[in-house]
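Spelled out, the chains give:
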Amino acid sequence: MQEIRTYNDTTDKIMVVELWQKIFGYDTAHNDPYLTITKKLAVHDGLFFVAVEKFQIVGTIMAGYDGHRGWLYSVAVDPIMRHQGLGSLLVHHAESALKSLGCLKVKLQILNTNIPVTSFYKRLGYEIEPTVSMGKIL
C-alpha cells in the first residue's frame, strides 16, 4: 500500500532524483533535478508530494498556485507501479491540496513527445484547451 506524503528533503532527495532521471531524462540544465528541488523548496508552499511504498519513492507530483491558477508538475510514477492507480492518487492528492488553498482551476502541460499521456489526464477530467504554450529560459 502506497502512502502519499509531503516531500522530505533529508530522506527523499536521492530517490526522487533517481526516479526523475529514469522517467524524464533531463537533457537541459534548467531542468536539473537538484536545482528543481532546491527552487521548489525555497517557495515553502508544501505542494511537493511523494508516493512511498516499502520505504521507496515510487511516485512524485509537484503543484503550484499563484492565487489565480493551480499547476501540476513532475508527475512521475515508477514504471513497475504504473496502471495500478498511483498516478490518479497523486493527481487527486495535489488537487485536494490546491483546492484547500482556494484554487478553482488546475492546469498542466504535456510535452509533444508524450502525447499518449493525454488519455490518462482525460480520464481524470482534464481537457485539451485551445491555448498556445510559450516559454523563455532566463
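The rules behind these values
Residues numbered from 1 in each chain as written. Predicted model: local features only at pLDDT ≥ 70, side-chain atom pairs only at ≥ 80, totals over all residues. Heavy atoms only, no water. Helix = DSSP H or I, 4+ residues; strand = E, 2+ residues; numbered from the N terminus. Rg over C-alpha atoms; globule rule 2.2 N^0.38 Å. Buried < 20%, exposed > 50% of the residue type's maximum accessible area, 1.4 Å probe, protein only. Contact = heavy atoms within 4.5 Å. Lys, Arg positive; Asp, Glu negative; His and termini not counted. Charge placed at Lys NZ, Arg CZ, Asp CG, Glu CD. Salt bridge = Lys/Arg side-chain N within 4 Å of Asp/Glu carboxyl O. Polar contact = N/O pair within 3.5 Å; in protein donor to acceptor, adjacent residues only side chain to side chain.

A short note on the overall build of the protein chain
Here is step 1: A count of helical and extended segments in the protein chain gives four helices and five strands.
Here is step 2: Starting at the N terminus, the α and β elements of the protein chain follow one another as β-α-α-β-β-β-α-β-α.
Here is step 3: Whereas a compact globule of 138 residues would reach a radius of gyration of roughly 14 Å, the protein chain reaches 15 Å, a difference of no more than 12%.
Here is step 4: With respect to the three principal axes, the spread of C-alpha positions in the protein chain is 40 × 35 × 30 Å.
Here is step 5: Taken across its 138 residues, the protein chain has 36% of its residues classed as buried.
Here is step 6: Look at the contacts in the protein chain between residues 6 or more apart in sequence, and 60% of them connect residues 24 or more apart.
Here is step 7: One finds the centroid of the 14 positive side-chain charges in the protein chain at a distance of 5 Å from the centroid of its 13 negative side-chain charges.

Describing the pattern of salt bridges
Here is step 1: A complete count under the given rule lists six salt bridges for this structure.
Here is step 2: The salt bridge involving R5 is made with D12; its shortest N-O contact spans 2.7 Å.
Here is step 3: Judged by relative accessible area, R5 falls into the partly exposed class, the value being 23%.
Here is step 4: Where D45 meets K40, a salt bridge forms, and the shortest distance between an N and an O atom there is 2.7 Å.
Here is step 5: Judged by its relative accessible area of 29%, D45 is partly exposed.

Notes on the side chain of T118
Here is step 1: Along the chain, the position of T118 falls in helix α4 (residues 118-123).
Here is step 2: Classification of T118 as buried rests on a relative accessible area of 17%.
Here is step 3: Among the polar contacts made by the side chain of T118, one reaches the main-chain carbonyl oxygen of I115 at a distance of 2.8 Å.

Side note on the environment of E95
Here is step 1: Residue position: E95 is located in helix α3 (residues 86-100).
Here is step 2: Taking the C-alpha atoms as reference points, E95 and V106, eleven residues apart in sequence, are found 7.5 Å from one another.
Here is step 3: A distance of 2.6 Å separates the side chain of E95 from the side chain of Y126, its partner in a polar contact.

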